[in-house]
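Close look at the chain arrangement
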Amino acid sequence: MNTENVLAKIEARPTESQRKLLSFLDRLTQNAKSKPRKAAKHIFKFNWEGGLAGAFGHMTSVKLQHNANEWR
């Protein structure tokens, strides 16, 4: 990004728009300083996969869907 282009675009705006842009930039810089990004605490794992494999015996997912439709 070219700083000169950005400045030219800001200067081309009306005074009220320039004031709003500067206010917005101030808020962005304050947020960046006050709230550093935290590293992800937990990574989603699939260790639960297959946990209900034996829970329904011979039932397949398709049979369970049909049963669910009948229950409605």
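Residues numbered from 1 in each chain as written. Predicted model: local features only at pLDDT ≥ 70, side-chain atom pairs only at ≥ 80, totals over all residues. Heavy atoms only, no water.

When helices and strands are tallied, the protein chain shows 3 helices and 0 strands. Its helices and strands taken in sequence order, the protein chain reads α-α-α from the N to the C terminus. For a compact globule of 72 residues, the expected C-alpha radius of gyration is about 11 Å, and the protein chain comes in at 28 Å, more than 25% above that figure. Counting the 72 residues in the protein chain, one finds 0% classified as buried. Carbon and sulfur atoms make up 58% of the accessible area of the protein chain, which amounts to about 7,500 Å² in all. (Helix = DSSP H or I, 4+ residues; strand = E, 2+ residues; numbered from the N terminus. Rg over C-alpha atoms; globule rule 2.2 N^0.38 Å. Buried < 20%, exposed > 50% of the residue type's maximum accessible area, 1.4 Å probe, protein only. Areas by Shrake-Rupley, 256 points an atom, 1.4 Å probe, with all protein chains shown as cover.)

We now examine the packing of aromatic side chains. For the structure on display, the rule yields 2 aromatic pairs. A centroid spacing of 5.3 Å and a plane angle of 90° characterise the contact between Phe44 and Phe46, whose relative ring orientation is edge-to-face. In terms of burial, Phe44 and Phe46 fall into one category: exposed. When the ring of Phe46 is compared with that of Trp48, the centres are 5.8 Å apart and the planes differ by 40°; the resulting orientation is tilted. By the burial criterion, Phe46 is exposed, and Trp48 matches it. Clustering of aromatic rings is evident, with ring pairs tying together Phe44, Phe46 and Trp48. (Phe/Tyr/Trp six-rings, centres within 6.5 Å; stacked < 30°, edge-to-face > 60°.)

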